[in-house]
Amino acid sequence: MTNFNQPISGNDLARFSGPNTFMRLPAADSLAGLDVAVLGIPQDIGTSWRSGTRFGPKQIRAESAMIRPYNMATGAAPFDSLQIADIGDLAINTFSLTESLKIIKESYDAILTNDLIPIAMGGDHSITLPILRAIAAKHGPVALVHVDAHADVNDEMFGERETHGTVFRRAYEEGLIQADKTYQIGIRGSGYAASDFTEAQGWGFQHFPAHELWHRSLAPLGAEIRRDIGNRPVYVTYDIDSLDPAYAPGTGTPEIGGLTTPQALELIHALKGLNIVGCDLVEVSPPYDTSGNTALTAANLLYELLCVLPGVTSR
């Protein structure tokens, strides 16, 4: 019988002690035998407004010490059925975005030679493009659940084609994602032109703007997306700025009128049953939230994503 890794219990060692790994899981030097690899990508050189997401993985890990192993709302018990470990941070080049994106792609290529699901803690949203390049190289074009305040479909920013605001145009152009199975949830705010969102809809992207979701449960939307995707491989990318800044002020590009944390939980719970092949949570910038609440929220959303991965059992 497999002995699955377990988070260190707060009853065995005080939560302010122990390793600075996600949920105080074991740190792994080898990927052998893992079902899920949690990793950090401490990068913020792809951002266009407020920096600081290079500190995201470290604080998400610190705040995750509060999380217990069993999901009392859904019954999910991820550590009963999956071998999960924290494999540390990727060694990006903090002086070169181009080199960093190359490092992320090559690192993911190596990670995905193993039969596991990678879960990344960002880092700004530019990290998702090289991840999708590696994911698509293994699985083919994937369905995409993209929760964000921004569509990130700019053609370029200051002449650069690879930034945190151009990710999903490049992913579409490169055939990394299935356009008609791409769902952008929570987008909102002001724009430069009326066509800012409609162009991507013309590609087949399905948009669910935040103002259409106010005061609504997201469980039906999640169930609709789950039925639409079926058993296709799917990647989930979660920008913390999808939440209203009242819930997550510690982010680089905040927009008012966003999702609530209960809506975020409803959406993730409804994704249970999807063939998730990878996910990330990005844009946590600790310097803009000294309370730690944004990172605490991010850590919990990552835990909830763990709880809906294929193979997770319930109690």
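Residues numbered from 1 in each chain as written. Predicted model: local features only at pLDDT ≥ 70, side-chain atom pairs only at ≥ 80, totals over all residues. Heavy atoms only, no water.

(A) Here's a closer look at the layout of surface pockets. Taken as a whole, the largest pocket spans an internal volume of roughly 800 Å³. In terms of lining residues, the largest pocket is bounded by 30 residues, among which His150, Asn154, Ser190, Tyr192 and Asp196 are the most central. Its residues assigned to classes, the lining of the largest pocket comprises 8 nonpolar, 12 polar and 10 charged. There is about 160 Å³ of room inside the second largest pocket. Met66, Ile67, Arg68, Tyr70, Met72, Leu296, Asn300, Tyr303 and Glu304 are the residues that line the second largest pocket. In terms of residue class, the lining of the second largest pocket is built from 6 nonpolar, 1 polar and 2 charged. (1 Å grid on protein atoms, 1.4 Å probe; cavity = no way out; pocket = protein on both sides within 12 Å on 5 of 7 lines; lining within 4 Å. Points joined across faces, edges and corners; volume = space filled by probe spheres on them. Nonpolar A, V, L, I, M, F, W, Y, C, P; charged D, E, K, R; others polar.)

(B) Looking closely at the nonpolar core. Phe22, Val36, Ile60, Val145, Ile185 and Leu309 are the most contacted members of the largest nonpolar core, which totals 53 residues. Counting residues per element, this core draws most heavily on helix H9 (residues 293–307), at 9 residues. Ala37, Ile41, Ile92 and Leu97 belong to the second largest nonpolar core, which has 40 residues in total. (Core = buried A, V, L, I, M, F, W, Y, C linked by side-chain atoms within 4.5 Å. Buried < 20%, exposed > 50% of the residue type's maximum accessible area, 1.4 Å probe, protein only. Helix = DSSP H or I, 4+ residues; strand = E, 2+ residues; numbered from the N terminus.)

(C) Fine view of the environment of Ala179. In this structure, Ala179 sits in strand E6 (residues 177–185). Discounting residues that sit within four places of it in the chain, Ala179 has contacts with Tyr172, Trp203, Gly204 and Phe205. (Contact = heavy atoms within 4.5 Å.)

(D) Here's a closer look at the packing of aromatic side chains. For the structure on display, the rule yields 3 aromatic pairs. With a centroid separation of 6.1 Å and an interplanar angle of 90 degrees, the aromatic rings of Tyr172 and Phe205 are classed as edge-to-face. In this pair, Tyr172 is assigned in helix H5 (residues 167–173) and Phe205 in the loop between helix H6 (198–203) and strand E7 (206–208), connecting sequence segments 33 residues apart. Note on Trp203 and Phe205: the rings are 5.3 Å apart at their centroids and 85 degrees apart in plane angle, and the pair reads as edge-to-face. Residues Trp203 and Phe205 agree in their burial class; the two are buried. Among the aromatic side chains, those forming a connected cluster through ring pairs are Tyr172, Trp203 and Phe205. Here Arg50 stacks its cationic end above the ring of Tyr288, 3.8 Å away from the centre of that ring. (Phe/Tyr/Trp six-rings, centres within 6.5 Å; stacked < 30°, edge-to-face > 60°. Lys NZ or Arg CZ within 6 Å of the ring centre and 35° of its normal.)

(E) Region of interest: helix H7 (residues 219–229). Those residues of H7 that fall on the buried side of the exposure criterion are Leu221, Gly222, Ala223, Ile225 and Ile229. In the core, the buried residues of H7 are packed alongside strand E5 (142–147), E6, E7, strand E8 (233–239) and helix H8 (261–270). Trailing H7 by a residue or two, Gly230 shows a phi angle of about 65 degrees, which is positive.

(F) How the structure looks around the pattern of salt bridges. Taken as a whole and assessed by the stated rule, the structure comprises 13 salt bridges. When the shortest N-O distance is used, the salt bridge between Arg61 and Asp89 registers 2.8 Å. Linking Arg61 in helix H1 (residues 56–64) with Asp89 in strand E3 (residues 84–89), this pair joins segments that are 28 residues apart in sequence. Close ionic contact of Asp155 with Arg170 constitutes a salt bridge, the shortest N to O distance being 2.8 Å. Residue Asp155 is located in the loop between E5 and H5, and its partner Arg170 is located in helix H5; the two are separated by 15 residues in the primary sequence. (Salt bridge = Lys/Arg side-chain N within 4 Å of Asp/Glu carboxyl O.)

(G) Here's a closer look at unusual backbone geometry. Here the residue pair Gly122 and Gly123 is connected by a cis peptide bond, since its omega of 10 degrees sits within 30 degrees of zero. By the secondary structure assignment, Gly123 is in the loop between strand E4 (117–122) and helix H4 (128–139). The phi dihedral of Arg24 falls on the positive side, at around 60 degrees, and the residue is not glycine. As for its placement among the helices and strands, Arg24 is situated in the segment before strand E1 (36–41). Classification of Arg24 as buried rests on a relative accessible area of 2%. One non-glycine residue, Glu283, lies in the positive phi region at around 70 degrees. Its place among the elements puts Glu283 in the loop between strand E9 (275–282) and H9. Taking the relative accessible area as the measure of exposure, Glu283 reaches 2% and is therefore buried.

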